[in-house]
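This is what each chain is made of:
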Amino acid sequence: ESLIEHSDSIAEFRHAREVATFFVEQDNADQAEWVNELLKRTSIHRPNDVCVLVLDHGVNNGHRLLEPVLPDEDCHAADPAWGTQDDHGHGTLMAGTAAYGDILHCLETGSPIVVRHGLESAKILPPPPEENPRRLWGHFTARGISRAELQAPQRKRVICMAVTSDDELNRGRPSSWSGEIDELASGYSDDRRRLIIISGGNVKNPEDWKRFPESNITCEVQDPAQAWNALTVGAFTEKTRISDPTLNSYRATAEAGDLSPFASTSSTWPNRKWPIKPEVCFEGGNVATGPNNSVYDTDDLKLLSTYHDPQIAQFSSFDATSAASAQAAWMA
């Protein structure tokens, strides 16, 4: 009251935004109550008209937030022997964000939530410990897309893939995988143009986070995100609030609106005839910096999405260019 009386500079007061940790650390029964509350104010409008196709480890569509937007018949696998279930967890995280955006925001607001699209899943990665041969990465990507298109050929879809490789960095040069993406997006072979959204790939090493933002300049966009015809997504962040009392001496590494410490770029590509990547950025989370330049990867600075095993938890934290690309697909 005193501030308002003595200053003309106060526009409004807002409640401090909650952090993902608040929900992640709750018991599963309490998380389930939050799911109930969210579903009561969520309406799904014409989910079969437009879908986001998630190319990943599969999606566990038994999660109650995913059941209304991802029926069994829209869960596919590049190789049927793999099954369509999510053996890893990453695909279900992608699906939750592609359907609702940042679920943390959905839980915070008391407003109605309207979802105007559905989901499709195509499992393009085998169950662990199997791995696809490098020469077939493009083949399995194309096959995953084909499975969904054969199931619903007239449906409009946004294709989203947050699977990349840093095994062999190409410095912008095409690879067989990025070439396959270019061919699929352009419709070169079948005259069918596709919107393909790909994550740029992440800065994963905590030692690199200590060198933010220089490390983001030197860590390059990963294969196949150099594809000319794909929309490549990087990460920025507005998540700076740290609520964990054990991190009182820590601060957010990136300031609000800055590049996320997880984001890779194409700044080191020597030949400027290659595309500039990424083209767009979405929220990718942040990390904490503490005494003696120590870094800590805290849930306080992450997004929230759907956990792959609802018998254990409903929610899990989510970050980096995977979360950013899923948000881009949600927006599209």
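Note: the structure precedes this text.
What counts and what doesn't
Residues numbered from 1 in each chain as written. Predicted model: local features only at pLDDT ≥ 70, side-chain atom pairs only at ≥ 80, totals over all residues. Heavy atoms only, no water. Helix = DSSP H or I, 4+ residues; strand = E, 2+ residues; numbered from the N terminus. Rg over C-alpha atoms; globule rule 2.2 N^0.38 Å. Buried < 20%, exposed > 50% of the residue type's maximum accessible area, 1.4 Å probe, protein only. Salt bridge = Lys/Arg side-chain N within 4 Å of Asp/Glu carboxyl O. Contact = heavy atoms within 4.5 Å. Pairing = 2+ DSSP bridges. Axes fitted to C-alpha atoms, helices over the stretch in contact; angles between N-to-C directions. Parallel < 35°, antiparallel > 145°, perpendicular 65-115°, else oblique. Left-handed = near helix turned anticlockwise from the far one by under 90°. Phe/Tyr/Trp six-rings, centres within 6.5 Å; stacked < 30°, edge-to-face > 60°. Patch = residues over 30% accessible without salt bridge, like charges linked within 9 Å, V, L, I, M, F, W, Y side chains within 5 Å. Areas by Shrake-Rupley, 256 points an atom, 1.4 Å probe, with all protein chains shown as cover. Nonpolar A, V, L, I, M, F, W, Y, C, P; charged D, E, K, R; others polar.

Colleague: Quick question: what am I supposed to make of the overall build of the protein chain here?
Modeller: Within the protein chain, the secondary structure is distributed over 10 helices and 15 strands. For the protein chain, whose C-alpha radius of gyration is 20 Å, the value lies close to the compact-globule estimate of 20 Å for 332 residues. When the backbone C-alpha atoms are referred to their principal axes, the protein chain occupies close to 70 × 50 × 40 Å. Evaluated residue by residue, the protein chain yields a buried proportion of 53% over its 332 residues.

Colleague: In this structure, what is going on with unusual backbone geometry? I would like to understand it.
Modeller: With glycine set apart, most residues show a phi of negative sign, and most peptide bonds adopt trans. Residue Pro129 is reached from Pro128 by a cis peptide bond, and omega for that bond is 10°. Of note, Pro129 is situated in the loop between β5 (118–123) and α6 (137–151). The phi torsion at Asp191 lies on the positive side, around 60°, for a residue other than glycine. Along the chain, the position of Asp191 falls in the loop between α7 (176–186) and β7 (195–199). The exposure class assigned to Asp191 is exposed, which follows from its relative accessible area of 71%.

Colleague: Even after reading the chapter, I still don't get the pattern of salt bridges, so can you show me in this structure?
Modeller: Oppositely charged side chains can pair when the atoms bearing their charge come close. Taken as a whole and assessed by the stated rule, the structure comprises 16 salt bridges. A salt bridge links Asp190 to Arg194; the shortest N-O distance between them is 2.6 Å. Lys277 serves as the salt-bridge partner of Glu279, at 2.8 Å between the closest nitrogen and oxygen. Each of Asp74, Glu120, Arg155 and Arg157 takes part in a single network of salt bridges with overlapping partners.

Colleague: Explain the environment of Ala142 to me, please; I cannot follow it from the model alone.
Modeller: Its place among the elements puts Ala142 in helix α6. Judged by its relative accessible area of 17%, Ala142 is buried. Expressed as a C-alpha distance, the spacing of Ala142 and Glu180, which sit 38 residues apart in the sequence, is 7.5 Å. Once residues within four sequence positions are removed from consideration, Ala142 is found in contact with Glu180 and Leu184.

Colleague: I tried to follow the sheet that holds strand β9 (residues 251–252) on my own but got confused; where do I start?
Modeller: Neighbouring strands of a sheet are bound in pairs by backbone hydrogen bonds; such pairs are parallel or else antiparallel. Pairing in this open sheet of three strands is antiparallel, and the strands run β9-β12-β13 from one edge to the other. The open sheet has two free edges, formed respectively by β9 and β13 (295–296), since each of these has just one partner strand. Where strand β12 (residues 288–289) and β13 come together, two bridges link them in antiparallel fashion. When the sheet's bridge partners are listed, Thr289 is paired in β13 with Val295.

Colleague: In this structure, what is going on with the packing of α6 against α7? I would like to understand it.
Modeller: If you want to describe how two helices pack, look at the angle between their axes and the distance between the axes. In contact at an axis separation of 8 Å, α6 and α7 are set at 30° when each is read in the N-to-C sense. Here α6 is positioned roughly parallel relative to α7, judged by the angle of their axes. You can see that α6 and α7 cross each other, and the crossing is right-handed. Taking contact as the criterion, the partners of Trp137, Gly138, Thr141, Ala142 and Ile145 in α6 are, on α7, Trp177, Glu180, Ile181 and Leu184.

Colleague: Sorry, what's going on with the packing of aromatic side chains here?
Modeller: Remark: the centre distance and the inter-plane angle together describe each pair of aromatic rings, the angle taken between the planes. Throughout the structure, instances matching the rule amount to seven aromatic pairs. Taking the centre distance of 5.0 Å and the plane angle of 85° together, the rings of Phe23 and Trp34 count as edge-to-face. Within this pair, whereas Phe23 is found in helix α2 (residues 20–24), its partner Trp34 is found in helix α3 (residues 28–40), the two being separated by 11 residues in sequence. Since its relative accessible area comes to 26%, Trp34 is described here as partly exposed. Look at Phe23 and Phe315: their rings are 6.4 Å apart centre to centre, the planes differ by 75°, and that puts the pair in the edge-to-face class. In this pair, Phe23 sits in helix α2 while Phe315 sits in strand β15 (residues 315–318), placing the two residues 292 residues apart along the sequence.

Colleague: I keep staring at a nonpolar patch on the surface and nothing clicks. Help me out?
Modeller: A surface patch of nonpolar side chains, amounting to about 410 Å² of accessible area, comprises Leu3, Ile4, Ile10 and Phe13. Tracing the backbone through its elements, the reader meets Leu3 in helix α1 (residues 2–6).

Colleague: I'm lost on the packing of helix α4 (residues 90–100) against helix α10 (residues 320–331) in this one. Help?
Modeller: The contact between α4 and α10 brings their axes to 7 Å, and the two run at 35°. As for the relative orientation of α4 and α10, their crossing is right-handed in sense. Packed against α4, whose contacting residues are His90, Met94, Thr97, Ala98, Ala99 and Tyr100, the element α10 presents Ser322, Ala323, Ser325, Ala326, Gln327 and Trp330 at the interface. A breakdown of the residues in the contact of α4 with α10 according to their chemical character gives seven nonpolar, five polar and no charged.

Colleague: Teacher, can you tell me more about the pairing of β15 here?
Modeller: Two faces make up the sheet, and in a regular strand the side chains alternate between them. Going residue by residue along β15, you find Phe315 and Ser317 tucked away on one face and Ser316 and Phe318 tucked away on the opposite face as well. Relative to β15, strand β14 (residues 303–306) runs antiparallel, the two sharing four bridges. By the bridge assignment for β15, Leu304 is matched with Ser317.

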